Amino acid sequence: MAPDTERPVSNVQAQQKFHPSPEFSRAANVNDPEIYARCNANPDKFWEECALQLEWMKPWIQLSEWNPPHAKWFLDGKLNVSSNCLDRHLAGRGDQRAIIWEGEPGDQKTLTYRELHAEVCRFANGLRRLGVQKGDRVTIYMPMTPEGAIAMLACSRIGALHMVVFGGFSAEALQERTNDCGAKVVVTADAYWRRGNLVGLKQIVDEAVPHCPTVEKVVVFQRVGATVKTSMVEGRDIWWHDLIADTSLECDPEEMDAEDPLFILYTSGSTGKPKGILHTTGGYLTGAYITTKLIFDIKPEDLYWCTADIGWVTGHSYVVYGPLANGAQVFMYEGSPDWSTEGKPGRDRFWDMIERHKISILYTAPTLIRACMKWGEEYPASHDLSSLRLLGSVGEPINPEAWLWYHKHIGHERCPIVDTWWQTETGSIMISPLPGIVSTTPASATKPFPGIKAEVVNEKGERQPAGQKGILVITQPWPWMLRTIWGDDARYVKTYWSRFPGMYFPGDGAMEDEDGNFWLLGRVDDIMLVAGHNISTMEMESVLIEHPAIAEAAVIGKPDDVKGQVPVAFVIAREGHGPKPGDHDAIHKLDAELKDYVAKRLGVICRPADVILTADLPKTRSGKIMRRLLRDIAEGHILGDTTTLADPDVLAGIKEKYASEED
Ligand code: 6R9
């Protein structure tokens, strides 16, 4: 049998190439393919060119210093992130829209650059009034409203580090993160709207803060108002509007060193407590700025929408810092994709907003695309999506089927798709097409960004030949890399730099093909070893969702005495295509059909031992499937840490299903 590592990553369709149209290429921010050769030959020169497009209060004296695994960039350079995102644009586009926001109930708000600048200055003055100083930490626990971005920018203006906690996280998660970074102030809101319900953020803060000894003040933005009862703790809590009531519309930006910390953002690993990823000022902003400009091809006339919450790194780099550093018009939405402005379930909310606001660039996640596939194409089809010109994907490997659906039903075969691979730790995008010059293949994130050096290696750290699967590494430091883990530098060294000394280890499997395109294969721990063959769960999932009855799939390896591991597939049927609940004949027929189908497509070795039809899958709140928990179910273990699950109830349902359907 041929070594499994030579099997193609995906299927027939995956080999299809999609080229940007000549019109797109001609007008693109990058249309010279030479950029790769030029920047890869001399990355330092490129980083300097990128950073020089920002506004520096004082130039750097040395580009970088590398004491493995610690890097510094733009040494002694001084700048301020908020003035790069705001003040810099006032003369040229002060009256242009900066943020266009829609709340879930349909309320709207627009801020021009001048207005956003004033709001940021007022809030920054308010924070200073509360005693927040350069170097202090501020927890931001906010809904998706412009005030979340305002709070982040205000921190960066006065040199405080923000630590944003996703608004869907629990009091416990909020408390743990706040204590780990020792935040002095918590910024929150009374509540926000989600699927027609009010989520009381302030209540959650009230549960957490008594256990956070470093927190002195809580600032509360009034998003909802009288409909929700909000109790304020005397001496500790202050309304946002009271705090800024008589503050000045100007606030001098703090002169920050390029290496001064900008923010901490916690990312949960599969084991251990969350890691406080630390990013600094100069390198991070350079990355967010230049990747947004070149990958999203941002132009002043675009209306750009990244659907991520500001609680994730994607929200940091591609809702707030990257687009605003480019002076772009940014769209923000508060609520759920399946809720209408009339307060009823409505699965076309995204497409409705794209049509009404004439959004031209959409950046979202495979999990959302797969949900829309499951709902059916009639929802996007009932809207005019002709304003769209570029689509992006992030967060997980995008299965070819989902890529093609996105291309056809959202992009109408006209919009290039940028599949962007990166991490909280990398700060900004690392592998992605440049849409005007790179032809795409479904499910390949294509090429490392100019100047970024990525490779695929084997267990020993030796470079894998083209077409062979292995482990992704970044072989040279880059300006927007994390600097450390807050309070735990030893863990930084161990997690990212010890597996292969001198190389950054992101923890993802990958393959590089003959054309130098990268295929991301999921987390390294999501690789199964079936009878000695490496099988990526992602590959099997992609094949499963190509079956007409299947909308989503998660595959895990279950221990097996003979084969080491055998694949188990958890699948969700497409609406209207799957067997009716209780129709055991139909369920058995589909089960057998799916097993044969996978065996035929990928080889008998990949034939799932069990197929479990389920209504839902356990996902993190950012939409990543938690295969670890499915593994626990299949192995009959006590479930591991479930605190980052979006909906813990999902597990009980799957457990029951698993017990009843296992052969
Ligand atoms: C930006 C973000 C990082 C992990 C990463 C990888 C997965 C993200 C991906 C992708 C394949 C893509 N990931 N984008 N895998 N293709 N385009 O998601 O950051 O939340 O830190 O997650 O997400 O496994 O290692 P973060």
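Residues numbered from 1 in each chain as written. Predicted model: local features only at pLDDT ≥ 70, side-chain atom pairs only at ≥ 80, totals over all residues. Heavy atoms only, no water.

Draft legend 1. Molecular detail of the overall build of the protein. A tally of helices and strands in the protein yields 21 helices and 30 strands. In the protein, buried positions account for 64% of the 663 residues. Look at the contacts in the protein between residues 6 or more apart in sequence, and 71% of them connect residues 24 or more apart. Split by element, the accessible area of the protein, about 24,300 Å² in all, is 51% carbon and sulfur. The averaged location of the 91 negative side-chain charges in the protein is 1 Å from the averaged location of its 69 positive side-chain charges. (Helix = DSSP H or I, 4+ residues; strand = E, 2+ residues; numbered from the N terminus. Buried < 20%, exposed > 50% of the residue type's maximum accessible area, 1.4 Å probe, protein only. Contact = heavy atoms within 4.5 Å. Areas by Shrake-Rupley, 256 points an atom, 1.4 Å probe, with all protein chains shown as cover. Lys, Arg positive; Asp, Glu negative; His and termini not counted. Charge placed at Lys NZ, Arg CZ, Asp CG, Glu CD.)

Draft legend 2. Structural detail: the sheet that holds strand 21 (residues 454-457). If you walk across this open sheet you meet the 4 strands as 21-22-24-25, and the pairing is antiparallel. The outermost strands of the open sheet, each flanked by one partner alone, are strand 21 and strand 25 (518-523). Looking at each pair of strands side by side, their axes are set apart by 45° on average, direction ignored. Note that strand 21 and strand 22 (residues 469-474) share 4 bridges and pair antiparallel. Directly across from A454, in strand 22, lies its bridge partner I474. (Pairing = 2+ DSSP bridges. Axes fitted to C-alpha atoms, helices over the stretch in contact; angles between N-to-C directions.)

Draft legend 3. Main features of the environment of Q464. Among the secondary structure elements, Q464 is positioned in the loop between strand 21 and strand 22. Linking Q464 and T112, residues 352 residues apart in sequence, is a C-alpha distance of 50 Å. The residues contacting Q464, other than those within four sequence positions of it, are V456, V457, N458, K469 and G470. At a separation of 2.7 Å, a polar atom in the side chain of Q464 contacts the main-chain carbonyl oxygen of K469. (Polar contact = N/O pair within 3.5 Å; in protein donor to acceptor, adjacent residues only side chain to side chain.)

Draft legend 4. Region of interest: the nonpolar core. Counting residues in hydrophobic clusters, the biggest one holds 145 residues, and the most contacted among them are L116, F123, W240, F296, Y321 and L434. Sort the elements by how many residues they give to this core and helix 7 (residues 146-158) lands first, with 8 residues. If sequence neighbours within four positions are ignored, F296 has contacts with T291, Y304, Y318, I361, Y363, R389, L390, V418, T420 and I429. (Core = buried A, V, L, I, M, F, W, Y, C linked by side-chain atoms within 4.5 Å.)

Draft legend 5. Local environment of the packing of helix 6 (residues 113-129) against helix 7. Running from amino to carboxyl end, helix 6 crosses helix 7 at an angle of 65°, the nearest separation of the two axes being 8 Å. Handedness of the helix 6/helix 7 crossing: right-handed. For the pair helix 6 and helix 7, the contacting residues are L116, H117, E119, V120, C121, F123, A124, L127 and R128 in the first and I150, A151, L153, A154, C155, R157 and I158 in the second. In the contact of helix 6 with helix 7, the residues fall into 12 nonpolar, 1 polar and 3 charged. (Left-handed = near helix turned anticlockwise from the far one by under 90°. Nonpolar A, V, L, I, M, F, W, Y, C, P; charged D, E, K, R; others polar.)

Draft legend 6. Main features of helix 18 (residues 537-544). Among the 8 residues of helix 18, 8 are classified as buried, and the element is accordingly described as predominantly covered. Along helix 18, the positions that sit buried rather than exposed are T537, M538, E539, M540, E541, S542, V543 and L544.

Draft legend 7. A look at the side chain of E425. Mapped onto the elements, E425 comes out in the loop between strand 20 (417-419) and strand 21. Of the side chains with opposite charge, K275 lies nearest to the buried E425, which makes no salt bridge, at 4.8 Å. Side chain to side chain, E425 and Y496 meet in a polar contact 2.7 Å long. Contact partners of E425, with chain neighbours within four places excluded, come to T267, K275, I277, H279, W480, M481, L482, Y496 and Y504. (Salt bridge = Lys/Arg side-chain N within 4 Å of Asp/Glu carboxyl O.)

Draft legend 8. Expanded view of the site of the ligand. In the vicinity of the ligand there are 16 residues, among which D419, T420, T424, D508 and R523 approach most closely. T420 has a polar backbone atom sitting 2.7 Å from a nitrogen atom of the ligand. Expressed as a share of its isolated accessible area of 530 Å², the protein-covered part of the ligand is 92%. At the level of secondary structure, the elements contributing two or more residues to the shell around the ligand comprise helix 12 (313-325) and strand 25. Class assignment of the residues belonging to the shell around the ligand gives a composition of 6 nonpolar, 5 polar and 5 charged. (Near = heavy atom within 4 Å.)

Draft legend 9. Up close: the sheet that holds strand 18 (residues 361-364). As summarised here, the arrangement of the 7 strands in space is 5-4-17-16-18-19-20, forming an open sheet in which the pairing is mixed. The sheet is open, and its two edges are formed by strand 5 (108-112) and strand 20, each paired on a single side. For this sheet, the mean angle separating the axes of adjacent strands, direction not counted, is 15°. Note that strand 4 (residues 97-102) and strand 5 share 5 bridges and pair antiparallel. Bridge assignment links W101 to a residue of strand 5, and that residue is K109.

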